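# Residue-level structure breakdown
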Amino acid sequence: MTIRKGIKYTVISLFSLAFLLFATLIVHIAVMVKGKKPLSSEQTQLARIDFPPATDPQVISEIEQSIKALPGIESTYYNPTTHILVYAYNNKQQSAAQVYESQVSARNIDALKYTVSAADATKGCPVMNDKSFYGRLTKTVSSIVN
C-alpha cells in the first residue's frame, strides 16, 4: 500500500467517524425532544439569602426551620462557610419576597435577599445558551421533530 492510499483511507475514516458522531448527536437530540411534556418542576424556583458572618448560627438555624415549614417550600440548604441560605419554592404558592419579609425582615436581621442583576436577567437561563452551536442545533432538531 502506498502512502497516498494510506492517507486517503485515513481521511475517509476520519470523515466517516465525524459523520457517525454527528448523526448520533442528531438522533440523541431528536429522541430527547420528541413529544417532550412540560417538566413537573416548572413552577420551582430558587431563592437565596446572604447572612453577614457575625450572625448567630442558632438564629440562622431557626430561620431555616421556619422557612422549611412554610407552604410551598420544597427544600432548604444552609452553607455555613459562606453564610448563604438557599431554598426551593413553588412560585404558585410562595414568593421570595414574601419569605424574606416574613422570616428575615420580621426578625430585624441584617441579611440580604439575593437579587439577580438586570444584565443577568436579560440573558435568560444560564444553562442553555441559545446562541451556542448546541443551543441552535437543539432548537433546529426540536422544530423538525415536534
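Residues numbered from 1 in each chain as written. Predicted model: local features only at pLDDT ≥ 70, side-chain atom pairs only at ≥ 80, totals over all residues. Heavy atoms only, no water.

## Describing the overall build of the protein chain
In terms of helices and strands, the protein chain carries 5 helices and 4 strands. When the helices and strands of the protein chain are read in sequence order from the N terminus, they spell out α-β-α-β-β-α-β-α-α. The C-alpha radius of gyration of the protein chain comes to 25 Å, more than 25% above the 15 Å expected for a compact globule of 146 residues. Seen through its principal axes, the protein chain has C-alpha atoms that stretch 80 × 35 × 25 Å. (Helix = DSSP H or I, 4+ residues; strand = E, 2+ residues; numbered from the N terminus. Rg over C-alpha atoms; globule rule 2.2 N^0.38 Å.)

## Concerning the packing of helix H1 (residues 3–33) against helix H5 (residues 133–145)
Packed helices, taken two at a time, are described by the angle their axes make and the gap between the axes. One can describe the packing of H1 onto H5 by two numbers: an axis separation of 9 Å at closest approach and a directional angle of 60 degrees. Considering the angle they form, H1 stands oblique to H5. Every pair of crossing elements has a handedness; the one defined by H1 and H5 is right-handed. Contacts between H1 and H5 pair Phe22, Leu25, Ile26, Ile29, Ala30 and Val33 from the former with Phe133, Tyr134, Leu137, Thr138, Val141, Ser142 and Val145 from the latter. Taken together, the residues of the contact of H1 with H5 break down into 11 nonpolar, 2 polar and no charged. (Axes fitted to C-alpha atoms, helices over the stretch in contact; angles between N-to-C directions. Parallel < 35°, antiparallel > 145°, perpendicular 65-115°, else oblique. Left-handed = near helix turned anticlockwise from the far one by under 90°. Contact = heavy atoms within 4.5 Å. Nonpolar A, V, L, I, M, F, W, Y, C, P; charged D, E, K, R; others polar.)

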